[in-house]
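Here is how the chains run, residue by residue.
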Amino acid sequence: MSADQLLLRRRRLRIVIGGMLLAWAGVGVHLVSMYVAESRRMQTHVHRQQTTVETIRARPGDVLDRNGRLLATSVDTESLYAVPRAIDDLPAFAATIAPILNRDAGQLEEELEAHSDKGFYWLARRLEPSTAAAIRELELPQETYGFEREYRRYYPNGALASHILGFRNIDGVGRGGIEQKFDHLLRGRDGKRTLVRDARNRVIHLYEQSDGRVEHGVTVRLTLDLLHQRLMEDELDRVIQEWEPTGCCAILCDPHSGDILAIASRPTYNPAEPETFAEDAWMNRAVAWSYEPGSTMKPLIVAWALQQNAISTESRFHGHWGEYRMGTRLLHDSHSHGEMSLAEVLVHSSNIGMAQIGERLTNEGLFSALQQFGFGSQTGLGLPGELKGSVRPLSRWDLYSTGSIPMGQELSVTPLQMLVAHATLANRGEFRQPRIVLRAGDGRTVTSAPQLAMPLIDPILSDWLIRNPMRRVLTEGTGQRVNVEGLDMFGKTGTSQVYDPEIRAYSDEKTVCSFVCGIPSNNPELVLIVAVDQPTVGSSHYGSNVAAPAAVRILQQAWRTRHATRPVPPVGSLR
């Protein structure tokens, strides 16, 4: 074999060996890559099995009355969940656990089957401690179920102030009242933490997430006084029992601060059991119901007419012996009157006298009065569902309106609007926006804007209205049957017919009875309204005998509570 042939053979051998080495190298690289990839996949799988991110529930803040008494709080509970994909025998699991949860085993099995590939499924929320203990005693495999800490909302006073408080649903979201209005403050923010568990589901390590720290809800303190609230609700229950109306409500306030001290509506519900209440119980009639106010509007129209110099405190009017014609309309009074002073127009609640004031004020002046006292606009209290009432555009008013508006017809108002308007008179003519929240947390204000206050009626005129005609309503006018000797009250009764859409006219049987009152007439400290919608028992449905007795009892007891050291006539001594 020549040298050239030997050299060629060696080259071919090197090429073959090199190719084989490359091939084996490729196989080796592939094997290594498969090992690494599979190793990573297995590590990820194991990590997912052993590492979980747990939610740390924020505790909703408490709600207190103005004196620190507890209205709503949160208590620790446990909620039960299953891990369906870890359950080997779903029928047996369901049959074992269903009786303790008062569940149907078959239905529970179907639910678990439908979520058999899931790692989490709620079985029951917010368990009683005894139920949670019974579940643990079953000694089920630890990897098949677990408990998560949650908070259950607790209302220590039951249904008391339910329309103001609202409630929190199963997911802890505020619904209605303060729970909804200030949900962003009360609910807080849930946190996160990472748990590492071993094969037996035991926690072996815990990682806190710096950006997932829990922020518990703040405490909100209301203007309500629990004692006033309780006595008010007791009286409304008495109204419901005695008169069987469609509903009723009441509001008590401090006219100088605008603080709502008590506010209640009937029918009502228990916020701890929201699923049990009737649909009509949900409405807070104090803010979400409107009605024609009737004669409670009269002092406000008189106040504005005095302010605009359309009349004076010395003005006199003639009652035309019970009949007065305005164009084609013939107005009547319940009693025949001749010449009357301005004070007597209010004391006797004369429609004819008020119509003459409307003529002097004109429709433009009447419309301005409604605007200035806030009718047709929300009060700014901020409770969910608050209505604006209804005031027709001035362009749609006519001569009929000139006589109707001063009598509290042709418009609708909420009880809160009427209370705020009368509180303005009691506050020496200065309007003050009502409020129901004092503060939250460490003194931070929770009102969306500063509390609005502005002068509206001259203090001298307001004082005259309160101390003269509105005081005399109790001593010699439409409210004298509920006057209490020694109690310096003032007020105005109201009775309005309800428009019946079926007959397209005002009903002769359906009425709204109301009474606005305050104490004392010299520098008033409390102002109250009680409104009763369509009483059905009895035949004499007037504000003076349906709403006024309850209002006086509430005001009398509230005054006694406020001034416990002062002698006050006993409750119930109504003439």
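Here goes a summary of the coordinates provided.

Conventions used here
Residues numbered from 1 in each chain as written. Predicted model: local features only at pLDDT ≥ 70, side-chain atom pairs only at ≥ 80, totals over all residues. Heavy atoms only, no water. Helix = DSSP H or I, 4+ residues; strand = E, 2+ residues; numbered from the N terminus. Buried < 20%, exposed > 50% of the residue type's maximum accessible area, 1.4 Å probe, protein only. Contact = heavy atoms within 4.5 Å. Polar contact = N/O pair within 3.5 Å; in protein donor to acceptor, adjacent residues only side chain to side chain. Phe/Tyr/Trp six-rings, centres within 6.5 Å; stacked < 30°, edge-to-face > 60°. Lys NZ or Arg CZ within 6 Å of the ring centre and 35° of its normal. Core = buried A, V, L, I, M, F, W, Y, C linked by side-chain atoms within 4.5 Å. Arc of directions from axis to C-beta. Salt bridge = Lys/Arg side-chain N within 4 Å of Asp/Glu carboxyl O. Pairing = 2+ DSSP bridges. Axes fitted to C-alpha atoms, helices over the stretch in contact; angles between N-to-C directions.

## A look at the overall build of the chain
When helices and strands are tallied, the chain shows 18 helices and 24 strands. Taking all 575 residues of the chain together, the buried fraction comes to 49%. When contacts within the chain are restricted to residue pairs at least 6 apart in sequence, those whose partners lie at least 24 apart make up 71%.

## Concerning unusual backbone geometry
Of the consecutive residues R266 and P267, the connecting peptide bond is found in the cis state with omega at 5 degrees. Relative to the elements of secondary structure, P267 occurs in the loop between β12 (260-266) and α9 (285-288). Note the cis peptide between I519 and P520, where omega equals -15 degrees. Relative to the elements of secondary structure, P520 occurs in the loop between β23 (505-519) and β24 (526-533). Residue A161 is not a glycine yet carries a positive backbone phi of 60 degrees.

## Section: the environment of A548
The topology assignment puts A548 in helix α18 (residues 548-562). With 54 residues separating them in the primary sequence, A548 and G494 have C-alpha atoms 9.4 Å apart.

## Here we look at the environment of D65
Topologically, D65 is positioned in the loop between β2 (63-64) and β3 (70-82). By relative accessible area, which is 0% here, D65 ends up buried. In the structure, D65 is positioned 158 residues away from T223 in sequence and 6.2 Å away in space, judged by C-alpha atoms. Discounting chain neighbours no more than four positions away, the residues touching D65 are L71, R221, L222, L224, D225 and L226. A distance of 3.0 Å separates a polar atom in the side chain of D65 from the backbone nitrogen of G68. Among the polar contacts made by the side chain of D65, one reaches the main-chain amide nitrogen of R69 at a distance of 2.7 Å.

## Quick look at the packing of aromatic side chains
Applying the stated rule across the entire model yields 8 aromatic pairs. Between F120 and W122, the ring centres sit 5.0 Å apart and the planes meet at 80 degrees, which makes this aromatic pair edge-to-face. Geometrically, the ring pair formed by W289 and Y291 is stacked, given 4.8 Å between the ring centres and 20 degrees between the ring planes. Classification of Y291 by relative accessible area gives buried; the value is 4%. Ring pairs connect the aromatic residues Y81, F120 and W122, which therefore count as one cluster. In this structure, R125 packs its charged tip against the face of W122, placed 4.5 Å from the ring centre. In this structure, R285 is placed above the aromatic ring of W289, and the distance from its NZ or CZ to the ring centre is 5.3 Å.

## Quick word on the nonpolar core
Membership of the largest hydrophobic core comes to 86 residues, with the highest contact counts inside it found for L222, I260, F373 and I436. Tallying contributions element by element places helix α14 (residues 415-426) first for this core, with 8 residues. With sequence-adjacent residues up to four places away left out, I260 is seen in contact with T223, L224, I251, L252, C253, L381, L416, L419, P434, R435 and I436. Among the nonpolar cores identified, the runner-up in size contains 35 residues, and W243, A250, F515 and C517 belong to it.

## Thoughts on helix α4 (residues 129-137)
When we look at burial in α4, the residues that qualify are T131, A132 and I135. What you see down the axis of α4 is that its buried residues fit within an arc of 100 degrees, all on one side. Opposite the packed face of α4, turned more than 90 degrees from it, sit the exposed residues P129, S130 and E137. Residues of α4 that are buried make contact with β3, α2 (90-101), β4 (121-127) and β5 (145-154).

## Quick notes on helix α15 (residues 459-467)
Since one α-helical turn is 3.6 residues long, residues separated by three or four positions face the same way. All of the buried residues along α15 are L461, S462, D463, W464, L465 and I466. Residues of α15 that are buried make contact with α10 (298-307), α11 (342-347), α14, α16 (469-475) and β22 (490-500). For α15, the side-chain oxygen to backbone nitrogen distance between the N-cap and I460 is 2.8 Å, and the N-cap itself is D458.

## With respect to the pattern of salt bridges
Should their charged atoms come close, side chains of opposite charge can pair. Throughout the structure, instances matching the rule amount to 32 salt bridges. Across the salt bridge formed by R428 and D463, the nearest N and O atoms sit 2.8 Å from each other. In this pair, R428 sits in the loop between α14 and β19 (430-432) while D463 sits in helix α15, placing the two residues 35 residues apart along the sequence. Bridged by salt links that share partners, the residues R153, R168, E179, D183 and R187 form one connected network.

## Topic: the sheet that holds strand β11 (residues 247-253)
The antiparallel open sheet is built from 5 strands, whose spatial order is β12-β11-β24-β23-β22. Edge positions in the sheet fall to β12 and β22, since each has one partner strand and no second. Strand after strand, the sheet turns through a mean of 10 degrees between neighbouring axes, direction not considered. Where β22 meets β23, 10 bridges bridge the pair, whose relative direction is antiparallel. Among the inter-strand pairings, T495 is bridged to a residue of β23, identified as C513. Strands β11, β12, β23 and β24 of the sheet are contacted by α18, whose axis makes an angle of about 150 degrees with β24.

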